[in-house]
Amino acid sequence: MRVTETLEPVATLTSPSGKTILDFGQNLVGRLRITVSGQAGEEVVLRHAEILQDGELCTGPLRTAKATDTYVLRGGGAEAWEPRFTFHGFRYAEVTGPVSGAVALVCHSDMERTGWFSCSDPLVERLHENAVWGMRGNFLDVPTDCPQRDERLGWTGDLQVFAPTASFLYDSSGFLNSWLADLAAEQEPDGAVPSVIPSVVHAPVAAAWGDAAVIVPWTLYQRYGDLGVLEAQFSSMCAWVDHVESLAGEDLLWNSGFQYGDWLDPTAPPGRPEAAKTYPEIVATAYFARSADLVARTALLLGRTGEAERYEALATRIRRAFRDEYITPSGRLLSDSQTAYGLALRFGLLPGGEQRRHAAGRLADLLRGSGYRIATGFVGTPLVCDALAESGFLDSAYRLLLQKECPSWLYPVVQGATTIWERWDSLLPDGRVNPSGMTSFNHYAFGAVADWLHRTVAGLAPAEPGYRRLRITPRPGGGLTHASARLRTPYGLAACSWTLNGERLTVEATVPPNTSAEVNLPDGTEQTVGSGTHRWNVPFSDLTADLPPLTLDSTLGEVADRPGALKLLTDAIVARMPEIAEFIGTGLGSAPQGTRIRDALKLIPGAEPILHDVETAFAELGRGGG
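The notes below deal with the structure included here. (Residues numbered from 1 in each chain as written. Predicted model: local features only at pLDDT ≥ 70, side-chain atom pairs only at ≥ 80, totals over all residues. Heavy atoms only, no water.)

1. Digging into the packing of helix α5 (residues 227–248) against helix α6 (residues 280–301)
Piece 1. Contact geometry of α5 with α6 gives a least axis separation of 9 Å together with a crossing angle of 140 degrees. Remark: the crossing between α5 and α6 carries left-handed chirality. On α6, the residues touching Leu227, Leu230, Phe234, Met237, Cys238, Trp240, Val241, Val244, Glu245 and Ala248 of α5 are Phe288, Ser291, Ala292, Val295, Thr298, Ala299 and Leu301.
Piece 2. Class assignment of the residues belonging to the contact of α5 with α6 gives a composition of 14 nonpolar, two polar and one charged. (Axes fitted to C-alpha atoms, helices over the stretch in contact; angles between N-to-C directions. Helix = DSSP H or I, 4+ residues; strand = E, 2+ residues; numbered from the N terminus. Left-handed = near helix turned anticlockwise from the far one by under 90°. Contact = heavy atoms within 4.5 Å. Nonpolar A, V, L, I, M, F, W, Y, C, P; charged D, E, K, R; others polar.)

2. Some thoughts on the packing of aromatic side chains
Piece 1. Enumeration according to the criterion identifies 19 aromatic pairs in this entry.
Piece 2. Consider the rings of Trp424 and Phe446, whose centres lie 3.9 Å apart with planes at 15 degrees: the pair is stacked. Taken together, the positions of Trp424 in the loop between α12 (410–414) and α13 (450–458) and Phe446 in the loop between α12 and α13 put the pair 22 residues apart, joining distant regions of the chain. For the pair formed by Trp424 and Phe446, the shared burial category is buried.
Piece 3. Against the face of Phe87 rests Arg152, its NZ or CZ located 4.2 Å from the ring centre.
Piece 4. One Lys or Arg, Arg399, reaches over the ring of Tyr372 and ends 4.2 Å from the middle of that ring. (Phe/Tyr/Trp six-rings, centres within 6.5 Å; stacked < 30°, edge-to-face > 60°. Buried < 20%, exposed > 50% of the residue type's maximum accessible area, 1.4 Å probe, protein only. Lys NZ or Arg CZ within 6 Å of the ring centre and 35° of its normal.)

3. Observations regarding the layout of surface pockets
Any space left empty among the atoms is revealed by the rolling of a water-sized probe across them.
Piece 1. Taken as a whole, the second largest pocket holds about 1100 Å³ of empty space.
Piece 2. Lining of the second largest pocket is provided by 36 residues; of these, Arg223, Arg290, Arg346, Asp451 and Arg455 occupy positions nearest its centre.
Piece 3. Elements with a minimum of two residues in the lining of the second largest pocket: α2 (156–169), α4 (212–224), α6, α10 (384–389), α13 and β14 (460–462).
Piece 4. Taken together, the residues of the lining of the second largest pocket break down into 16 nonpolar, seven polar and 13 charged. (1 Å grid on protein atoms, 1.4 Å probe; cavity = no way out; pocket = protein on both sides within 12 Å on 5 of 7 lines; lining within 4 Å. Points joined across faces, edges and corners; volume = space filled by probe spheres on them.)

4. Let's talk about unusual backbone geometry
Piece 1. In this structure, the amide linkage connecting Ile197 to the following residue, Pro198, adopts the cis form with an omega of 0 degrees.
Piece 2. Residue position: Pro198 is located in the loop between α3 (173–186) and α4.
Piece 3. The omega angle of the peptide bond from Cys406 to Pro407 is 0 degrees, so this bond is cis rather than trans.
Piece 4. With respect to the secondary-structure elements, Pro407 resides in the loop between α11 (394–402) and α12.
Piece 5. Unlike most non-glycine residues, Ala208 shows phi in positive territory, near 70 degrees.
Piece 6. Inspection of the secondary structure assignment puts Ala208 in the loop between α3 and α4.
Piece 7. With phi around 65 degrees, Leu264 is a residue other than glycine that occupies positive phi space.
Piece 8. Turning to its location among the elements, Leu264 is positioned in the loop between α5 and α6.

5. Some points on the packing of α2 against α13
Helix packing geometry: the angle between the two helix axes and the distance between the axes.
Piece 1. Closest axis-to-axis distance for the α2/α13 pair is 8 Å, and the angle between their directions is 65 degrees. Between α2 and α13, the interaxial angle falls into the category roughly perpendicular. Across the interface between the two elements, Pro164, Thr165, Phe168 and Leu169 of α2 pack against Ala450, Asp451 and His454 of α13.
Piece 2. Across the contact of α2 with α13, the residue classes break down as four nonpolar, two polar and one charged. (Parallel < 35°, antiparallel > 145°, perpendicular 65-115°, else oblique.)

6. A word on a negative patch on the surface
Piece 1. A cluster of like negative charges, contributed by Glu250, Asp251, Asp324 and Glu325, occupies part of the molecular surface.
Piece 2. Owing to a relative accessible area of 83%, Glu250 belongs among the exposed residues under this scheme. (Patch = residues over 30% accessible without salt bridge, like charges linked within 9 Å, V, L, I, M, F, W, Y side chains within 5 Å. Areas by Shrake-Rupley, 256 points an atom, 1.4 Å probe, with all protein chains shown as cover. Salt bridge = Lys/Arg side-chain N within 4 Å of Asp/Glu carboxyl O. Lys, Arg positive; Asp, Glu negative; His and termini not counted. Charge placed at Lys NZ, Arg CZ, Asp CG, Glu CD.)

7. Some details on empty space enclosed by the protein
Piece 1. Under the defined criterion, the tally for this structure stands at four cavities of 30 Å³ or more.
Piece 2. In this model, the largest cavity occupies a volume close to 80 Å³.
Piece 3. The set of elements that each furnish at least two residues to the lining of the largest cavity consists of α1 (122–138) and α12.
Piece 4. Class assignment of the residues belonging to the lining of the largest cavity gives a composition of eight nonpolar, three polar and one charged.

8. Examining the side chain of Asp158
Piece 1. Assignment of secondary structure puts Asp158 in helix α2.
Piece 2. Buried charge without a salt bridge: Asp158, with Arg149 as the nearest opposite-charge side chain at an N-O distance of 7.6 Å.
Piece 3. Setting aside anything within four residues of it in sequence, one finds Asp158 in contact with Asp145, Trp209, Phe378, His443 and Tyr444.

9. Some details on the pattern of salt bridges
Piece 1. All chains considered together, the criterion is met by 38 salt bridges.
Piece 2. Note that Arg304 is salt-bridged to Glu307, the shortest N-O span being 3.5 Å.
Piece 3. With its nearest N and O atoms 3.1 Å apart, the salt bridge here joins Arg319 to Glu312.
Piece 4. A network of salt bridges, in which partner residues are shared, links Arg223, Arg346, Asp386, Glu390, Asp451 and Arg455.

10. So, the state of the cysteines
Piece 1. Overall, the coordinates contain zero disulfides when judged by the stated rule.
Piece 2. Unpaired in this structure, Cys58 has its nearest cysteine sulfur neighbour in Cys146, at a distance of 15 Å. (Disulfide = S-S within 2.5 Å.)

11. Some words on the pairing of strand β16 (residues 482–489)
Piece 1. Along β16, the buried face is formed by Ala483, Ala485, Leu487 and Thr489; none of His482, Ser484, Arg486 and Arg488, which line the opposite face, is buried.
Piece 2. Examined bridge by bridge, strand β11 (residues 115–119) and β16 share five bridges and lie antiparallel to one another. What sits directly across from Cys119, in β16, is Ala483.
Piece 3. Pairing of β16 with strand β17 (residues 492–501), which is carried by eight bridges, proceeds in the antiparallel orientation. (Pairing = 2+ DSSP bridges.)

12. Points about α5
Piece 1. With 22 residues, α5 ought to run about 32 Å at 1.5 Å a step, and its terminal C-alpha atoms sit 30 Å apart, in line with that.
Piece 2. Those residues of α5 hidden inside the fold are in contact with α3, α4, α6 and α7 (305–326).
Piece 3. Its side-chain oxygen placed 2.8 Å from the backbone nitrogen of Gly228, Asp226 serves as the N-cap of α5.
Piece 4. Looking one or two residues beyond α5, the residue adopting positive phi is Gly249, at roughly 80 degrees. (Expected span 1.5 Å × (residues − 1). Polar contact = N/O pair within 3.5 Å; in protein donor to acceptor, adjacent residues only side chain to side chain.)

13. Remarks on the pairing of strand β10 (residues 99–108)
Piece 1. Of all ten residues in β10, seven are buried; the element is thus mostly enclosed.
Piece 2. For strand β1 (residues 2–7) and β10, the ladder comprises five bridges, and the chain directions are antiparallel. Paired with Arg2 across the bridge in β10 is His108.
Piece 3. Both strand β3 (residues 20–36) and β10 contribute to a ladder of seven bridges, which runs antiparallel. Its bridge partner being in β10, Gly30 is matched across the sheet by Val106.

14. Quick notes on helix α18 (residues 608–622)
Piece 1. If you check α18, its first and last C-alpha atoms are 21 Å apart, about what 15 residues at 1.5 Å a residue would give, namely 21 Å.
Piece 2. At its buried positions, α18 is contacted by α14 (556–560), α15 (565–576) and α17 (597–601).

15. Side note on the environment of Met1
Piece 1. Turning to its location among the elements, Met1 is positioned in the segment before β1.
Piece 2. For the pair Met1 and Gly492, spaced 491 residues apart in sequence, the C-alpha to C-alpha distance is 26 Å.
Piece 3. Non-local contacts of Met1, meaning those with residues more than four positions away in its chain, are made with His108, Ser109, Asp110 and Leu140.

Spelled out as structure tokens, the structure:
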């Protein structure tokens, strides 16, 4: 671990109580270096926090952590000092004593930056930068959940979902290989994986968290091409799947015991982050199937034919059990949630094409019904955009990505976030800190979407482990006019960028020496190219550009698909009936998406004024005034 950057304060503030507070403009992890001058025995006190509330340092989210450094002056002239055996998570520092200067020293494990992303939307760029800073702040010797409060633990589930993003942003192979060795060493004799590595606290064994034993090694192999990580971790991987098999029993459904589930689903009660909309047994059994499948693939790569056959047969049986218990013949899931469909679609749990189409359509309907607000926790968040985009609902994925209202990825950005938050609403819309007692402003899990930005928005992905073969598949959308990603692969720099100019799409790709790339462009162009720089200019059609105007005969689905229209509808209803403001979103979201607006509103007593207001608002939107 070392100092990687030095930040000057961007502002010096005076709090209502008269305290001096330094604002460094960025939520960071590290410590202060101060310059002081005074009498021997004088004290300097430095207090740290991520956020202000009512103009004062907000230390409630730190819980019992003091986040305070004290220095006693020796006297006799100017002195420079920094603490040596601690770090803090902070943007703001309250300074008391004769301090003449202070800088923030950014600290994290010494990893080389390898991946970059940019696009035409500054909010999306800031989201990506927040994920970068979240990783920097939590990769300190071990991958922690948060760097500031009385926790700072290596939660396995957080890393499991973030590992693909981490492997792109930084060369984290050595860092994560070391952590996996710790995981294997901490693993119980029966194969159980502690939910925290190193295992310094008691935490229940659970799906998605314990599955880090299988999924993280597989991710590292895919991103770095090193078969050695699979060889080193194979026994640990098998032991975990065998342990889950013993818990699931003969029916192969892991439906007993505690689960973290889709942790911090925004619909979960503040004090029950595990009480998500998606049933925990669906999460657990889906991950059981996923891990069994990955162990089978790993065994095949390692030439262990017997184990490959055993675990593939097990994975097949788990998928069958999952389908029989949780999926209707048409493709509807028992948990009618974004995460449930994301799991089923991404983990290959829907065998038939018609089932997959129905499930993907239902996922898109759920998005429309929510006004394109995210409804996933740690488990579903890395899956939902891929599940949509791969199923023909790319526009829905972009609508979800670009949503600014809470809960969404861009809501924290609009609120001024400079790192990824633990909760979608760590800062409430009224500007108050979430009072749940578990609120971090630097928690990288929800930043796992950055992997989708790299692979789908910019279009740069591995087609073979270690990027020996690239996949160039940019998918423009959401009104973006350009995007790019660059990655230092083991073979050299790889890059993909695209620019939209009217109805023409220009794509440029850099393929490193001794590699090749599979190219698939939105117009249907498909080819394989070798190393070098390549350029394509192809036609591009935005199917959302010429949509008909909205009227009272438009459907709820059509309104949800038009940016800003659903808010106009709900605002018009609430303006006339403020007493139903709390319930209006749920009511519209649960209604069939094919319902005409006119018919939906006529269910409200005295609907005529609302009909008029909605019609007027739609007309204004059509004229560009929305």
